[in-house]
Amino acid sequence: MVGGLAGDDLELEFAFLLPVPSSERSSSAQVVAAPLASSPLPRPTSACAAPMEALRTRQMQPTLEEALAAHTSYPVERGTDSSQGIPQLVSNISACQVIAEAIRTTLGPRGMDKLLVDSRGKATISNDGATILKLLDVVHPAAKTLVDIAKSQDAEVGDGTTSVTLLAAEFLKQVKPYVEEGLHPQIIIRAFRTATQLAVNKIKEIAVTVKKEDKVEQRKLLEKCAVTALSSKLISQQKAFFAKMVVDAVVMLDDMLQLKMIGIKKVQGGALEESQLVAGVAFKKTFSYAGFEMQPKKYHNPKIALLNVELELKAEKDNAEVRVHTVKDYQAIVDAEWDILYDKLEKIHHSGAKVVLSKLPIGDVATQYFADRDMFCAGRVPEEDLKRTMMFSEAVRVIKVKGEVGYPVQRAVGTVPESSMGIGLETRRQEVCWSGVSLHYWMILPSCAPQACGGSIQTSVNALTPDVLGRCQVFEETQIGGERYNFFTGCPKAKTCTIILRGGAEQFMEETERSLHDAIMIVRRAIKNDSVVAGGGAIEMELSKYLRDYSRTIPGKQQLLIGAYAKALEIIPRQLCDNAGFDATNILNKLRARHAQGGVWYGVDINNEDIADNFEAFVWEPAMVRINALTAASEAACLIVSVDETIKNPRSTVDAPPAVGRGRGRGRLH
Ligand code: ADP
Ligand code: MG
C-alpha cells in the first residue's frame, strides 16, 4: 500500500481544483529587514516638530522617514490637529507623495536603481518598485496603502509596480487642491471611478490582439513583451538574450503555467550570456559522504527513487535510554540498527532505481552501499527541487471518508490520522464550520500526481513499485562554474525547466532573478491574455487625451476632476523623460499634439530624445498590466481620500519606534 492511501476506509478523489495561492516570489525571501531601521539617524519620536528641525540643522539628505514625518506635518498649521478632517486628508496625501518620490527615479529604461541596506548590512540593488517598497519600512498608515498596491500589482501581474505607485500618488497630487478647498471626497471618488471605467474600456477598445493560432506571431508578441519588461532593468543590455530564454521557459510549461515550475538557480562566476535554460530539473549537488565519488555520474534512462527517508545509522543513544548488562546485548542493538538500514537499502536496490534522491540525509554507509552497486544517491535535496523533479501539481485533492463520497466538500469531513496520510502527500488540515460545528478535514495536495519524471515521493521503502519510480532520459552530474550540478533531462512528462544564471556580484544576480521574474510574469500574462498596447507613455497619453475630451462634454465639478485624472496620467511619459534627462515639457507638448492628430501609439522615444510610434518600435506591454495598474492606482487613491480620521490606539503612540524589523522575516532560513 502506498502510504496507506489505498486503504480500505479511504476514498480518494479529485473533488475540485483549487488554485493554491502562489507563493511569494522567491526573491522576496531574501528581503529580511527594514533598511531604514538601520539608519544611523535617530528615529523621530514625535510626529511633528522634531524632523523639520533636524532637517534644518543637519543640512543633509533627509531619510525617507524624516521626509515622511516632515511632509505629513508641513501642510498643517502648527498647533492644528491633523488627525481629522481636511488636514488629515492633506497630510495623508502628502505622505503618499513622499513614497512616490522615493521610487520616482527608477521608472523606465533610463531609470536609476536603488541600493538598499538592511539592519543586518545585507545590500539589495533593485529597480523594481515592489521590491524597493517592501524593503522600506513604511510606518505611515496611509502611505502603506501604496506599498500594498505595489505588492498586489507584483503578485497579480508581476510588472508595472513603479507605474502603479506613481499613478496613485499623482492622482492624489492632482486632487489635492480640490481637497484643500473643501470638495467632498465622495465627489472625487465618483469622478475617479467614472474615469477609470472609461479608461479601462478605452484600453480594451484600442488594444491590439495577436492571433493565438499563429504560433510564429504569438512568439514574436511574447518576446516583444518580455523585451519591454526587461528594458528597464539592470540586464537591459542582454534583454534580447533573456527575452528568448524566458519565452522558451514559459512555453515549456503546461496550461496552468505555474511559476514555480520554472526553477531559477544562480551560479556565481562567468558571464551573463553563459546563463542557460535546462529543459528539465537541475539542482546543486548536495552534501555527500565518502564513497560518493565512486558512484557513476551519468545514466541513460535511469529509474529514480524519490524519498523522504533517512538512510543513516541512527544514534539511538541520543533518543532513548537503553540499559544493557552484557556486551552481547549491546551488540544485538547495534546489529539491529544495521539490519534495519540494510533492509531499507536492499529494498531500494531491488526496486531497480538507479538514482536515489532523498529529502533527508543519506549517510556514509548508504553512500558506500549505493556506490558498490553502481547507483547514485543524493541526500538533503531541497524540497522544492524534489517536488519539481516530480512536478508537483497545484490541484488540490480532498480525501473523503468512505460513505461520504459525493458530499459537497465542506461535508467531506472526518479526521484522517496522520499515519495513514500516505507517502509524499502534502496535507493541509482545514477547519470547516458546518451547521455550527467545527470540524476538520484534510486537504491533500497531490504531490503524488503525475510529475516531471513521473514518480512520487515515498516516506517508506516498502512500496517501491515501478509506478512510483520516476524516469528520465538522461541523468548527469556536471560542473557549472565552481559548482557541481545534477541534471535531469528528457523527462517524458516534463513540464518544468530550470534557468541557470551566471554572473558576477551576488546582488547583481539577485536583481537579475527579480528581473527575469517580471519578464516571466509578463509572458505568462501575454499567453493568457493576448492583447497588447504600446508602452513608453503611449497608452497613458492616449487615455489622457480621451478623458480630457470626455471631460469637456460634462458640466460641473466632475469636469474638473476627470480633467485632473487625465492630467495625472501624463506622469508616466513625463517621468520617463525626466529619468532619461530629456526636456519633459517639450516632449509632452509634442506628444499631446501628435495624439490630437490621431497618433494613437505615439510615446517617448527613449533613444533619440523624441517621440515615436512605440507600437512600431515594438515597445509592447500586455493590456492587462495597464488595466490592472490603472484600477489599482485609482482604488488606492479613492481609499486614501476616503479616510478623514486616524484614531490611534494610545499604546501605538507610546511605543512609537517599532522594534527593528518587527520580527518580519527574522530568523528566516534561506
Ligand atoms: P514598472 O515597475 O512600472 O514596470 P519599469 O521601470 O519597468 O517600471 O518601467 C516601465 C515603463 O517603461 C513602462 O511605462 C514602459 O512602457 C516603459 N518602457 C519600457 N521599455 C521602453 C522603451 N524601450 N522605450 C520607452 N519606454 C519604455
Ligand atoms: Mg517593468
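To be clear, the structure that these remarks concern was listed above.
Rules used throughout
Residues numbered from 1 in each chain as written. Chains lettered and ligands numbered in written order. Predicted model: local features only at pLDDT ≥ 70, side-chain atom pairs only at ≥ 80, totals over all residues. Heavy atoms only, no water. Pairing = 2+ DSSP bridges. Helix = DSSP H or I, 4+ residues; strand = E, 2+ residues; numbered from the N terminus. Axes fitted to C-alpha atoms, helices over the stretch in contact; angles between N-to-C directions. Near = heavy atom within 4 Å. Polar contact = N/O pair within 3.5 Å; in protein donor to acceptor, adjacent residues only side chain to side chain. Areas by Shrake-Rupley, 256 points an atom, 1.4 Å probe, with all protein chains shown as cover. Nonpolar A, V, L, I, M, F, W, Y, C, P; charged D, E, K, R; others polar. Salt bridge = Lys/Arg side-chain N within 4 Å of Asp/Glu carboxyl O. Buried < 20%, exposed > 50% of the residue type's maximum accessible area, 1.4 Å probe, protein only.

Caption draft 1: Main features of the sheet that holds strand β6 (residues 276-278). Strands sit in the order β5-β18-β6 across an open sheet of 3 strands; the sheet is mixed. Edge positions in the open sheet fall to β5 (262-268) and β6, since each of these has one partner strand only. Taken pair by pair, the neighbouring strands of this sheet meet at an average axis angle of 20°, ignoring direction. Alignment of β6 against strand β18 (residues 497-503), held across 3 bridges, turns out to be antiparallel.

Caption draft 2: Main features of the site of ligand 1. If you check the shell around ligand 1, you find 22 residues, and the closest are Asp159, Ser163, Ser231, Ser232 and Gly536. Here an oxygen atom of ligand 1 and a backbone polar atom of Thr106 are 3.3 Å apart. Here an oxygen atom of ligand 1 and a side-chain polar atom of Ser163 are 2.6 Å apart. Its free accessible area being 580 Å², ligand 1 has 95% of it covered by the protein chains. Looking at the shell around ligand 1, the elements that each hand over two or more residues are α6 (161-180) and α16 (571-580). No other element matches α6, which puts 3 residues into the shell around ligand 1. For the shell around ligand 1, the class distribution of residues is 7 nonpolar, 12 polar and 3 charged.

Caption draft 3: Examining the pattern of salt bridges more closely. Under the definition given, this model contains 29 salt bridges. Where Glu223 meets Arg219, a salt bridge forms, and the shortest distance between an N and an O atom there is 3.0 Å. Placement of both Glu223 and Arg219 in helix α8 (residues 215-230) is noted, with a separation of 4 residues, approximately one turn of the helix. Since its relative accessible area comes to 24%, Glu223 is described here as partly exposed. Ionic contacts of the salt-bridge type, sharing partners, join the residues Arg219, Glu223, Lys244 and Asp248 into one network.

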